[in-house]
Amino acid sequence: MSAPFQPAPLKIITADERLRETRGIKGVLTGISGIGKTSQLWTLDAERTLFVNLEAGELAVQGWPGDEIRVRDWERARDLACWIGGPNPAMREDQPYSQRDYERVCAAFGDPSLLDKYDTVFVDSISVASRICMQWCKGQPQAQSDRSGKLDLRGAYGLLGQEMIGWLTHLQHTPRKNIWLVGLLDRKIDDFGKPYFAMQIEGSKTGLELPGIVDEVITLAEIRPQEGEPFRAFVCTTINDFGFPAKDRSGRLSMIEQAHLGRLMAKIRAGSGAQPSADLDFDLPQQPAQTKPTTKGA
């Protein structure tokens with residue numbers, strides 16, 4: 001039987017309280033290999049940024065004067081997310097990210113107040129995180145066939161999706177901190193020969209659900225105009241001219257922005273109070289007058 005429900009007072013957050021809250025930006029920074037994703041660390045305040053290094057690709061930022069944590073296994077990555085994000089009251093005591101799990105992690109890692117000095121956590125990369133998670137999933141009982149005892153890839157991929165989505169969702173709910181997840185972008189060809197771009201993540205579930213979890217999906221790309229020299233820029237809006245994955249939940253970014261993550265976050269926060277109605281456009285484009293109906297009505 002489940003434990004009896006314990007009623008708790010329901011707090012209504014007023015508009016003034018909500019507007020005064022300090023909220024972190026949660027986003028994904030993606031791009032092809034070598035475009036300069038990790039180098040965006042140089043655009044951030046080194047004293048207020050924690051670099052979580054899963055990829056061992058810090059050569060591009062070897063002189064960057066900020067703090068770094070190196071992660072090579074999934075248990076450490078999961079514990080680190082719990083330490084950063086705090087306990088999740090929705091979890092049972094025997095589950096990851098629960099209050100008991102949080103207390104265990106704090107006993108191992110230290111007082112979470114050590115993280116107070118950081119405004120931004122820069123995770124490089126989610127592509128590698130999915131690989132080490134998959135390696136861990138293959139060794140779990142859920143990935144073993146009940147009949148033969150051999151590896152069951154369907155069970156492994158199912159567990160991978162649960163673990164990655166839980167990890168990302170917990171980081172998304174981290175209060176008052178910016179969380180940026182770096183991911184590698186692949187160019188693929190669909191069944192009709194049409195090219196498209198997708199993030200390099202093990203398993204389909206994580207890649208499909210990731211844009212709905214985070215606030216921002218930003219693609220660092222090389223833009224080649226019809227005239228002039230090519231340049232690097234951030235592609236930031238879902239509707240863009242290049243077919244890159246992108247999303248802006250703030251509504252304050254243009255389709256193309258300067259390839260400077262620090263300035264991008266400053267623009268997202270600019271005027272973070274009530275959004276004026278002038279920024280929202282609900283009108284349809286003007287259509288030429290039609291003399292004849294194009295469809296037959298009932």
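Calculation notes
The written sequence of each chain sets the order in which its residues are numbered from 1. Local features in this predicted model are restricted to residues whose pLDDT is 70 or higher, and side-chain atom pairs enter the listing and the counts only when it is 80 or higher, whereas totals over whole chains, interfaces and linings include all residues. Side-chain numbers come from the whole structure's heavy atoms, not from hydrogens or water. Axis lines are fitted to C-alpha atoms, over the contacting stretch for helices. Their N-to-C directions set the angle, which ranges from 0 to 180 degrees. Here a helix means four or more residues in a row that DSSP labels H or I, a strand means two or more in a row labelled E, and each is numbered from the N terminus. Under this scheme an angle from 65 to 115 degrees is roughly perpendicular, one under 35 degrees roughly parallel, and one over 145 degrees roughly antiparallel; angles in between are oblique. Crossing handedness is defined as follows: a turn of the near helix away from the far one that is anticlockwise and smaller than a right angle gives a left-handed crossing, while the clockwise case is right-handed. Whether two residues are in contact is decided by their heavy atoms, any of which lying within 4.5 Å being enough. For this classification, Asp, Glu, Lys and Arg are treated as charged, while Ala, Val, Leu, Ile, Met, Phe, Trp, Tyr, Cys and Pro are nonpolar and the rest, including Gly, are polar. The patches described consist of residues with a relative accessible area above 30% and no salt bridge, like charges being joined within 9 Å and nonpolar side chains (Val, Leu, Ile, Met, Phe, Trp, Tyr) within 5 Å. Every accessible area reported is derived by Shrake-Rupley at a probe size of 1.4 Å, with residue values counting cover from the shown protein chains alone. Here, a salt bridge means any Lys or Arg side-chain nitrogen found within 4 Å of an Asp or Glu carboxyl oxygen. Under the scheme applied here, a residue whose accessible area is under 20% of the maximum for its type counts as buried, over 50% as exposed, and between as partly exposed, the area being computed with a 1.4 Å probe on protein chains only. Strands qualify as paired when DSSP identifies two bridges or more between them. Residues enter a nonpolar core if they are buried and are Ala, Val, Leu, Ile, Met, Phe, Trp, Tyr or Cys, with the set joined through side-chain atoms within 4.5 Å. Two rings from Phe, Tyr or Trp (for Trp, the six-membered ring) form a pair when their centres are within 6.5 Å of each other. A pair whose planes differ by under 30 degrees is stacked, one over 60 is edge-to-face, and the rest are tilted.

Before going further, it helps to spend a moment on the packing of helix H2 (residues 74-85) against helix H5 (residues 153-172). At a minimum axis distance of 9 Å, the contact between H2 and H5 shows a crossing angle of 25°. Relative to H5, the element H2 lies roughly parallel. Judged by the sense of rotation from one axis to the other, the crossing of H2 with H5 is left-handed. Side by side, H2 and H5 meet where Trp74, Ala77, Arg78, Ala81, Cys82 and Gly85 of the first sit next to Glu163, Met164, Trp167, His170 and Leu171 of the second. Tallied by class, residues from the contact of H2 with H5 come to seven nonpolar, two polar and two charged.

This next bit is on a nonpolar patch on the surface. A grouping of Leu151, Leu153 and Tyr157 is seen on the molecular surface, where their side chains present a nonpolar patch of about 270 Å² in accessible area. Tracing the sequence through the fold places Leu151 in the loop between helix H4 (126-137) and H5.

What follows covers the pairing of strand E7 (residues 216-223). Burial runs high along E7: seven of the eight residues are buried. The pairing of strand E1 (residues 26-31) with E7 spans four bridges and is classified as parallel. Directly across from Leu29, in E7, lies its bridge partner Ile218. Two elements, E7 and strand E9 (residues 247-248), share two bridges in a ladder whose sense is antiparallel. Bridge pairing in E9 places Glu216 opposite Asp248.

This part takes up the nonpolar core. In this structure, Val52, Leu54, Trp74, Trp167 and Leu210 are the most contacted members of the largest nonpolar core, which totals 52 residues. Core analysis: the second largest hydrophobic core is formed by 22 residues, Trp64, Val182, Leu220 and Ala259 among them.

Looking at the secondary structure, you find Asp124 in strand E4 (residues 120-124). Its relative accessible area of 0% is what places Asp124 among the buried residues. A C-alpha to C-alpha distance of 6.3 Å links Asp124 and Val52, two positions 72 residues apart in sequence.

Before going further, it helps to spend a moment on the pairing of strand E2 (residues 49-53). Counting buried residues in E2 gives five out of five residues, a clear majority hidden from the surface. Side chains Thr49, Phe51 and Asn53 of E2 all project onto a buried face; the interleaved residues Leu50 and Val52 project onto the opposite face, where all are buried too. As judged from the five bridges shared by E2 and E4, these two strands associate in the parallel manner. Its bridge partner being in E4, Asn53 is matched across the sheet by Asp124. Across four bridges, the pairing between E2 and strand E3 (residues 67-70) is parallel. Paired with Leu50 across the bridge in E3 is Asp67.

So, about the packing of aromatic side chains. Across all of its chains, the model carries six aromatic pairs by this definition. Look at Phe51 and Trp64: their rings are 6.3 Å apart centre to centre, the planes differ by 90°, and that puts the pair in the edge-to-face class. Taken together, the positions of Phe51 in strand E2 and Trp64 in the loop between E2 and E3 put the pair 13 residues apart, joining distant regions of the chain. We classify Phe51 as buried; its relative accessible area is 2%. Their ring planes at 50° and their centres at 4.6 Å tell us that Phe197 and Phe244 sit as a pair that is tilted.

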